[in-house]
Amino acid sequence: MGSRSPSRKKRTAQRRIESAKKGHRPSFSLHDWSKEFLYGMFEDYKKGLSDFHTFTTEFTSEDPRDSVVREIEYDEFIKLDMLTEPSLIRDIPLREGWSAIENWPKLLDPKTAKVHKFRNCKFKCGEDDDGHKIKIRLKYFSSYIEKNRDDSPLYIFDSTFDSDKVCKSILNDYKVPSLFRKDLFTLVSESRRPPYRWWLLGPERSGTTLHIDPLATAAWNTLIKGKKRWVLFPPETSKRVAKASSFRYRGEDDEASQYFMTMLRRLRRDAKKYPDKYPGLKIYEFTQNEGETVFIPNGWWHAVLNLTDTVGITQNFVSEQVGNFDAAWLKTRTGRKKMACKWYLQLEDKYPHLAKRAMELNRRDNFKMKYDPDSYREKEKQSRDRTSNGSRRDSKRARKEEDRKNADSP
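Residues numbered from 1 in each chain as written. Predicted model: local features only at pLDDT ≥ 70, side-chain atom pairs only at ≥ 80, totals over all residues. Heavy atoms only, no water.

Novice: For this particular structure, what's the right way to read the environment of Gly 48?
Specialist: Locating Gly 48 in the fold gives a position in the loop between helix H2 (38-47) and strand S1 (52-56). Taking C-alpha positions, Gly 48 is 19 Å from Glu 36, a pair spaced 12 residues apart along the chain. (Helix = DSSP H or I, 4+ residues; strand = E, 2+ residues; numbered from the N terminus.)

Right under this line is the structure:
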């Protein structure tokens, strides 16, 4: 039998994309995905952007020196002992020899992607209303990247690629930047900690909605190919203001493209007209280019819009080098109670000064952990003892059986 015709393959790709769209946004018809015609306005939007844009109720500036975002060259970065401010770090992939520079941009080309070893790998491109992952094969997604006209397109944002025997080779294509390697959450098992590593591939106008990273983690995000637009709000900014909820009109959503192109502009316009309504408001926008790594400290509101087709990698982490241990402990002890107990026991063993700090924070707040570390440690010891005793009994039975066989032998 011959291979399937190109037209049949095209129909299969289209069906898979339509199925993913319906699963991700069931209230939308296929027409609704492009009803705002943001595709037609996107080029004009990009032309109006500067590399840096800082807005406060007192002034507006496109001077990088007025931005909170620190620009760091690689040679300076590798000498740092600490980093606690939003930063744009240059040339990490190039200087550290990431093979991602050569391997990943190919996946944005449909012709290459359709014959690539990842072509049949399924990546997460959304979630349904129940939080279940919606996945699609790369060979179908690559054709979607090339042809879509959606206002807010599907976006591969996958945290489980390492569980696939083919796709896990992505891990060999990059290295965690040197200053960010001591991730204290690695002390707990992969199954216990929340998702923390994502491989990103998507078309222009896709992106991530405004959010703060969970459990007070910091994040680094490296772009291998393309351009991204970022917006940051300091931690003290209220959720209502940062999300620009008052400027989401009927029929609009808060996806990244709509947020950047309309809602954020309305927020700035209103804040400029009525500054007393927004005391201390600061909005920092900037563009990330390929080869650059963005560092986001814990607690900062941020959203990202792909200005072109892009591919990259991002990870969340906790580290003394970025100053977020205290905040992460406070969030974890309430948000991940059992994980906090196991984390504390590992800290006691590997980083006793941090375990001491965790207990100081608990005493300060008169906080009692749901899973007491001392009790948990004793239960684990008893479990190990039972296992050890069982092993000894099994070994004793085996020796008796062997002695019996030897006795029965002529």
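Novice: Got a minute to help me understand the state of the cysteines in this structure?
Specialist: Working definition: the covalent bond between the sulfur atoms of two cysteines is a disulfide. All chains considered together, the criterion is met by one disulfide. Take Cys 125: it sits in no disulfide, and the sulfur closest to it among the cysteines is that of Cys 167, at 14 Å. (Disulfide = S-S within 2.5 Å.)

Novice: I would appreciate a short explanation of H2 in the present structure.
Specialist: Each α-helix winds once per 3.6 residues, and so residues spaced three or four apart point in a common direction. Those residues of H2 that fall on the buried side of the exposure criterion are Leu 38, Phe 42 and Tyr 45. When H2 is viewed along its axis, its buried side chains cluster within an angular range of 75° and face the same direction. Residues of H2 that are exposed and point over 90 degrees away from its buried face: Asp 44 and Lys 47. Looking at the buried positions of H2, the neighbouring elements they touch are strand S11 (227-233), helix H9 (256-273), strand S12 (282-289) and strand S14 (301-306). (Buried < 20%, exposed > 50% of the residue type's maximum accessible area, 1.4 Å probe, protein only. Arc of directions from axis to C-beta. Contact = heavy atoms within 4.5 Å.)

Novice: What is the right way to read the layout of surface pockets from this model?
Specialist: One simple way to see leftover space: roll a probe sized like a water molecule over the atoms. In this structure, the largest pocket encloses a volume near 1200 Å³. In terms of lining residues, the largest pocket is bounded by 48 residues, among which Lys 124, Glu 127, Phe 157, Trp 198 and Thr 208 are the most central. When residues of the lining of the largest pocket are traced back to their parent elements, those giving at least two are strand S5 (122-127), strand S8 (197-202), strand S9 (207-211), strand S10 (218-225), S11, strand S13 (292-296), S14 and strand S15 (310-317). Counting residues per element, the lining of the largest pocket draws most heavily on S9, which supplies five residues. Its residues placed into classes, the lining of the largest pocket shows 21 nonpolar, 16 polar and 11 charged. (1 Å grid on protein atoms, 1.4 Å probe; cavity = no way out; pocket = protein on both sides within 12 Å on 5 of 7 lines; lining within 4 Å. Points joined across faces, edges and corners; volume = space filled by probe spheres on them. Nonpolar A, V, L, I, M, F, W, Y, C, P; charged D, E, K, R; others polar.)

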